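Residue-level listing of the chains:
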Amino acid sequence: MSPDDEGFVRAYYIEDPHKVRCTLAEEDGVVLGFQSLQRAQAGNKWGVAPGWGIIGTHIRPAAARRGVGRALFANTRAAASDAGLSYIDASIAATNPEALAYYEAMGFRTYRRPKDLICKRFDV
């Protein structure tokens, strides 16, 4: 199953039992993007400390630079606070400059660099 596959999105973001919130942005019935926040469990594939939040963001390229990501994160940040999370991790491919810049703009800061990833932390 690919991260672009509907089944993957449903299983790992929408129906995940550790989901805190998954927010969808749409305009005129077209999905512009979504953001998922999950509570990290022991042994998660990202190596994130249990109890932290794990964020995932996907924005349609045509919707970039329109404030969609900022609006999604405002909702996610409130959900993290409501859920009592202290930190949120964004594990980003080192080859994804757009995502790295987005998370920096939202206030995330690099805290570790495992192979091929740059992991950023947001202090809730």
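All of the points below concern the structure found in this document. The shown structure was predicted, so the numbers you read here are calculated from the model rather than taken from an experiment.

Some thoughts on the overall build of the protein
Here comes step 1: A count of helical and extended segments in the protein gives three helices and six strands.
Here comes step 2: Ordered by position in the sequence, the α and β elements of the protein form the string α-β-β-β-α-β-α-β-β.
Here comes step 3: In terms of overall dimensions, the protein is globule-like: its C-alpha atoms have a radius of gyration of 14 Å, near the 14 Å expected for 124 residues.
Here comes step 4: Dimensions along the principal axes, computed over C-alpha positions, put the protein at roughly 40 × 30 × 30 Å.
Here comes step 5: The 124 residues of the protein split such that 38% are buried.

Examining the pairing of strand S4 (residues 87–93)
Here comes step 1: Along S4, five of the seven residues are buried, which leaves the element largely enclosed by surrounding structure.
Here comes step 2: Where strand S3 (residues 53–59) lies against S4, two bridges are found, and the strand directions are parallel. Looking at the pairing, Gly53 lines up with Ile88 of S4.

Structural notes on the nonpolar core
Here comes step 1: Core analysis: the biggest nonpolar cluster contains 17 residues, and Ile55, Phe73, Ile88, Tyr103 and Phe108 have the highest contact counts within it.
Here comes step 2: Those elements giving two or more residues to this core turn out to be helix H2 (68–82), S4, helix H3 (97–105) and strand S6 (117–123).
Here comes step 3: Leaving out residues up to four positions away in the same chain, Ile88 has contacts with Leu37, Trp52, Gly53, Ile55, Phe73, Ala80, Phe108, Lys120, Arg121, Phe122 and Val124.

Concerning the sheet that holds S6
Working definition: the strands of a sheet are paired by backbone hydrogen bonds and lie parallel or antiparallel to each other.
Here comes step 1: Sheet architecture is open: six strands sit in the order S1-S2-S3-S4-S6-S5, paired in mixed fashion. Looking at which strands have only one partner, the edges of the open sheet turn out to be strand S1 (19–27) and strand S5 (109–112). Across this sheet, the average inter-strand angle for adjacent strands is 30 degrees, counted without regard to direction.
Here comes step 2: Bridging between S1 and strand S2 (residues 30–39) involves eight bridges; their strand directions are antiparallel. Residue pairing across strands places Lys19 opposite Gln38, the latter belonging to S2.

Points about the pattern of salt bridges
Here comes step 1: The final tally for this structure, using the stated rule, is five salt bridges.
Here comes step 2: Across the salt bridge formed by Lys120 and Glu104, the nearest N and O atoms sit 2.6 Å from each other. Residue Lys120 is located in strand S6, and its partner Glu104 is located in helix H3; the two are separated by 16 residues in the primary sequence.
Here comes step 3: On the basis of relative accessibility, which here comes to 5%, the residue Lys120 falls in the buried class.
Here comes step 4: In this structure, Arg121 and Asp123 form a salt bridge, with 2.7 Å as the shortest nitrogen-oxygen distance.
Here comes step 5: Taking the relative accessible area as the measure of exposure, Arg121 reaches 28% and is therefore partly exposed.
Here comes step 6: Residue classification places Asp123 among the partly exposed residues on the basis of a relative accessible area of 42%.
Here comes step 7: The network of salt bridges with shared partners includes Glu104, Arg109 and Lys120.

Reading the values: the criteria
- Residues numbered from 1 in each chain as written.
- Predicted model: local features only at pLDDT ≥ 70, side-chain atom pairs only at ≥ 80, totals over all residues.
- Heavy atoms only, no water.
- Helix = DSSP H or I, 4+ residues; strand = E, 2+ residues; numbered from the N terminus.
- Rg over C-alpha atoms; globule rule 2.2 N^0.38 Å.
- Buried < 20%, exposed > 50% of the residue type's maximum accessible area, 1.4 Å probe, protein only.
- Pairing = 2+ DSSP bridges.
- Core = buried A, V, L, I, M, F, W, Y, C linked by side-chain atoms within 4.5 Å.
- Contact = heavy atoms within 4.5 Å.
- Axes fitted to C-alpha atoms, helices over the stretch in contact; angles between N-to-C directions.
- Salt bridge = Lys/Arg side-chain N within 4 Å of Asp/Glu carboxyl O.

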